[in-house]
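Survey of secondary and tertiary structure
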Amino acid sequence: MVEPRSPHRLVLENGVWHQISPKYVRVQLISTGSFLLLVVAAMLVLTLGLQQWWAWIPGGVMTVIMVWTLAILPRQARAIGYQLRDDDLVFRRGILWQRMVAVPYGRMQLVDITHGPLDRGFGIAQLKFVTAAASTGVVIPGLAQDAAETLRDHLVAVAESRRTGL
């Protein structure tokens, strides 16, 4: 995984960071790009077809925001990662606002895999696991389908063994 360059970044000393699939970026580019095309089409219909010139303002703002989102999307995807440690799973995401969550295996209550039609077409899924505390629910997007299933099975097995020891 490419590490952030800032000396003030959130770091863990040892362990292997796993990154998400590069296909995640393509899926997000397609979905965000499609929405951008709809916004531009609606803006053009309103302004040119119906002479509603006010539509340039919200349409322009939304276009700028979505183009910026498309531009930073690859970097955001590289910042997403997870690490399996002895007692917990650590999830990391974010460029400017970094978030790092450590979820103890024994506290996991639900491990779920979801994927939409576009995700299935590209062979990726998102893994969601929930604990009793709602704020520690973590979603790892863009995992390869087989990696998501393997990770789910591993987390369920480790969580069961940790809960029996409580």
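This report concerns the structure included in the present document.

So, how was this worked out
- What you see as residue numbers is a count from 1 along each chain, following the sequence as written.
- Predicted model: local features are reported for residues with pLDDT of at least 70 only, side-chain atom pairs are reported and counted for 80 or more only, and whole-chain, interface and lining totals are derived from all residues.
- Values reported for side chains reflect all heavy atoms of the structure, with hydrogen atoms and water molecules removed beforehand.
- Two strands pair under a simple rule: DSSP has to find at least two bridges between them.
- A run of DSSP states H or I qualifies as a helix once it reaches four residues; a run of E qualifies as a strand once it reaches two. Both are numbered from the N-terminal end.
- Inter-axis angles, ranging from 0 to 180 degrees, are taken between N-to-C directions of lines fitted to C-alpha atoms, where helices are fitted over the stretch in contact.
- Nonpolar core, defined: a set of buried Ala, Val, Leu, Ile, Met, Phe, Trp, Tyr and Cys residues in which side-chain atoms within 4.5 Å join the residues together.
- Throughout this description, buried means an accessible area under 20% of the type-specific maximum (1.4 Å probe, protein chains only), exposed means over 50%, and partly exposed covers the range between.
- Under the convention used throughout, the expected extent of a helix is 1.5 Å for every residue step, that is, one less than its residue count.
- Should any heavy atoms of two residues lie within 4.5 Å, those residues are considered in contact.
- The term salt bridge refers to a pairing of a side-chain nitrogen on Lys or Arg with a carboxyl oxygen on Asp or Glu at a separation within 4 Å.

1. With respect to the sheet that holds strand S6 (residues 124-131)
The strand order across the open sheet formed by three strands is S5-S6-S7, and the pairing between neighbours is antiparallel. Two strands in the sheet have a free side with no partner beyond their single neighbour: strand S5 (108-114) and strand S7 (138-144). The mean angle between the axes of side-by-side strands here comes to 20 degrees, regardless of whether they run parallel or antiparallel. As defined by bridge partners, S6 adjoins S7 across five bridges and the pair is classed as antiparallel. Bridge pairing links Leu127 to Ile140 in S7.

2. Quick word on the nonpolar core
Among the nonpolar cores identified, the biggest contains 27 residues, and Leu89, Phe129, Ile140 and Leu155 are the most heavily contacted of them. Those elements that place two or more of their residues in this core are helix H1 (23-49), strand S3 (88-93), strand S4 (99-104), S5, S6, S7 and helix H4 (145-164). A per-element tally of this core places H4 first, with five residues.

3. Quick word on H1
The terminal C-alpha atoms of H1 lie 38 Å apart, and with 27 residues this matches the ideal 39 Å at 1.5 Å per residue to within 8%. All of the buried residues along H1 are Tyr24, Val25, Val27, Thr32, Gly33, Leu36, Val39, Met43 and Thr47. Against the buried residues of H1 lie helix H2 (56-78), helix H3 (117-122), S6 and S7. Gln51 sits one or two positions beyond H1 and adopts a positive phi of about 50 degrees.

4. Quick word on the pattern of salt bridges
Considering all chains together, one arrives at two salt bridges under this definition. Note that Arg85 and Asp88 form a salt bridge whose closest N and O atoms lie 2.8 Å from each other. Overall, Arg85 belongs to the partly exposed group, its relative accessible area being 33%. Classification of Asp88 by relative accessible area gives buried; the value is 11%. Here Asp153 ties to Arg152 by a salt bridge, and the two come within 3.2 Å at their closest N and O atoms. Exposure remark for Asp153: the relative accessible area of 45% places this residue in the partly exposed category.

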